[in-house]
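# Inside the fold
What follows is each chain in one-letter form.
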Amino acid sequence: MKPEKRKGYNLFASVHTTQIETMNEYDDAPEYIKNCVNSRFRKKDGGELLILNLNRLVGDLFSYHDFTVAFDTVVSEIGIEEYAIKRIDMRFDSYDSDHYREYQKLNRYLISMLACAYETKNNYKTDGLFSQRQISVAIKSDDFEIENYDREVKNQNTGNVTEQAKSRLEERSKRKDRSTVWKVDDLEEIFCKMWFRRWDRAYKCMELTQKKYNEALAKIYYEDKDKKPAVFKSVSEFLRRYQDCIFTRKQLIDLLNRIGVENPETAAKNFKNRSGIEFFSKSDIKYAINQIKKSTLRYFEKVS
């Protein structure tokens, strides 16, 4: 990744939505308070599940302190005294319209590394039906999810005219163990410790991630190379089609070797020169992960 592009990977962290479980009765409240309650679901045990978006109270909350003030205000107004957080989502936003396209390959790599680190099974990519352009990449497990999506496209599709973000990377934490009770006081533990450990583990899975992609790409190549009508007419066309799944020169050489290309080192160099395919170094990935961590720490007012 070019140095100037790497410096442009800037993110602004804030909590998006919070799901809480409670046995308290939901009291009537002023409209501006009720506007913060996205959804209510009655549970079988008689309690309720509430989905809160506290950014609707006074605007986007870019600090943990502001979030806690808003949380206390809303739960007090609706009569909640006892609660447990079931799920909470931290969003990392960019307000640049070009950000999603510029960094979708990088974010895909980061998310794929997490998928390999935790062997997640529910992994998917979504493209626009007509545009054929990627609009989201996500993985989901029992205790966490992460998604990178084109927030600008979502705004257009939902008619949301108040959301300013154009691109979003979202960490979602889910309480798997019912014996554990998460409160607002636990947010720093959830996002600064649990998620930081996940990113550290993911960083160690770069080569495994490349290997998994190459195994899948080689399988696609051999399944499709002789199909009629032709799916691709040359190795170069195949590589251009799947270049968002190729993250390093070393990975490209390995893939070319797997599909039987002679002199794969020379072929990789020639393809790079002709196509301008983007590669990422270990320092690129370390920088991106550190930016996510720095944004998180800034939200909790641990760094300036």
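What counts, and at which threshold
Residues numbered from 1 in each chain as written. Predicted model: local features only at pLDDT ≥ 70, side-chain atom pairs only at ≥ 80, totals over all residues. Heavy atoms only, no water. Helix = DSSP H or I, 4+ residues; strand = E, 2+ residues; numbered from the N terminus. Buried < 20%, exposed > 50% of the residue type's maximum accessible area, 1.4 Å probe, protein only. Contact = heavy atoms within 4.5 Å. Areas by Shrake-Rupley, 256 points an atom, 1.4 Å probe, with all protein chains shown as cover. Lys, Arg positive; Asp, Glu negative; His and termini not counted. Charge placed at Lys NZ, Arg CZ, Asp CG, Glu CD. Phe/Tyr/Trp six-rings, centres within 6.5 Å; stacked < 30°, edge-to-face > 60°. Lys NZ or Arg CZ within 6 Å of the ring centre and 35° of its normal. Axes fitted to C-alpha atoms, helices over the stretch in contact; angles between N-to-C directions. Left-handed = near helix turned anticlockwise from the far one by under 90°. Nonpolar A, V, L, I, M, F, W, Y, C, P; charged D, E, K, R; others polar. Salt bridge = Lys/Arg side-chain N within 4 Å of Asp/Glu carboxyl O. Expected span 1.5 Å × (residues − 1). Arc of directions from axis to C-beta. Polar contact = N/O pair within 3.5 Å; in protein donor to acceptor, adjacent residues only side chain to side chain. Pairing = 2+ DSSP bridges.

## Re the overall build of the protein chain
- Across its full length, the protein chain holds 12 helices and 8 strands.
- Along the three orthogonal principal directions, the C-alpha set of the protein chain runs to about 70 × 45 × 40 Å.
- Counting over 304 residues, the protein chain shows a buried share of 49%.
- Partitioning the contacts of the protein chain with sequence separation of at least 6, the portion at a separation of at least 24 is 71%.
- Of the accessible surface of the protein chain, which amounts to about 15700 Å², a share of 47% is contributed by carbon and sulfur atoms.
- In the protein chain, 56 positive and 49 negative side-chain charges are present, and the distance between their average locations comes to 7 Å.

## Considerations on the packing of aromatic side chains
- All told, the structure shown has 17 aromatic pairs when counted by the stated rule.
- Between Y221 and Y222, the ring centres sit 5.4 Å apart and the planes meet at 85°, which makes this aromatic pair edge-to-face.
- The class for Y221 is buried, based on a relative accessible area of 10%.
- Looking at Y222, the relative accessible area reads 43%, which means it is partly exposed.
- Members of the aromatic cluster, joined through ring pairs, are Y221, Y222, F232, F238 and Y242.
- The cationic tip of K5 hangs over the ring face of Y103; the distance from NZ or CZ to the ring centre is 5.4 Å.
- Over the aromatic face of W195 sits the side chain of R198, whose NZ or CZ is 4.7 Å from the ring centroid.

## Looking at the packing of helix α8 (residues 206–224) against helix α10 (residues 249–258)
- One way to put it is that α8 packs onto α10 with a least axis distance of 9 Å and a crossing angle of 30°. Both α8 and α10 take part in a crossing whose hand is right-handed. Residues E207, Q210, K211, Y213, N214, E215, L217, A218 and Y222 of α8 lie in contact with α10, whose contacting residues are K250, Q251, D254, L255 and R258.
- For the contact of α8 with α10, the per-class residue count stands at 5 nonpolar, 3 polar and 6 charged.

## Section: the environment of I88
- Secondary-structure assignment places I88 in strand β4 (residues 84–94).
- Expressed as a C-alpha distance, the spacing of I88 and T18, which sit 70 residues apart in the sequence, is 4.5 Å.

## Focus: the pattern of salt bridges
- Following the criterion strictly, the structure yields 32 salt bridges and no others.
- In this structure, R91 and E163 form a salt bridge, with 4.0 Å as the shortest nitrogen-oxygen distance. In this pair, R91 sits in strand β4 while E163 sits in the loop between α6 (151–158) and β8 (167–174), placing the two residues 72 residues apart along the sequence.
- Residue class for R91 comes out buried when judged on its relative accessible area of 1%.
- When its relative accessible area of 15% is taken as the criterion, E163 is described as buried.

## Thoughts on helix α4 (residues 64–77)
- With 14 residues, α4 extends 20 Å between its outermost C-alpha atoms, agreeing within 8% with the 20 Å of an ideal straight helix rising 1.5 Å per residue.
- For α4, the complete set of buried residues consists of Y64, F67, T68, A70, F71, V74 and V75. For α4, the arc enclosing every buried residue in end-on projection is 165°, short of the 170-degree limit, so these residues lie on one face.
- Backbone geometry just after α4 places G79 at a positive phi near 80°.

## Some points on the side chain of T22
- Within the secondary structure, T22 sits in strand β1 (residues 12–22).
- Overall, the relative accessible area of 3% leaves T22 in the buried class.
- In terms of polar contacts, T22 uses its side chain to reach the backbone amide nitrogen of N24, at 3.0 Å.

## With respect to the sheet that holds β4
- On the basis of which strands lie adjacent, the open sheet formed by 8 strands has the order β2-β3-β1-β4-β8-β7-β6-β5 and antiparallel pairing. Looking along the sheet, the strands with just one partner apiece sit at the ends: β2 (37–42) and β5 (122–127). Strand-to-strand, the axes of this sheet are offset by a mean angle of 10°, without reference to chain direction.
- Where β1 and β4 come together, 8 bridges link them in antiparallel fashion. The residue bridging Q19 from the neighbouring strand is R87, located in β4.
- Of the strands in this sheet, β1, β4, β7 (144–149) and β8 touch helix α7 (residues 187–203), which is tilted by about 105° from β8.

Structural measurements only, silent on function.
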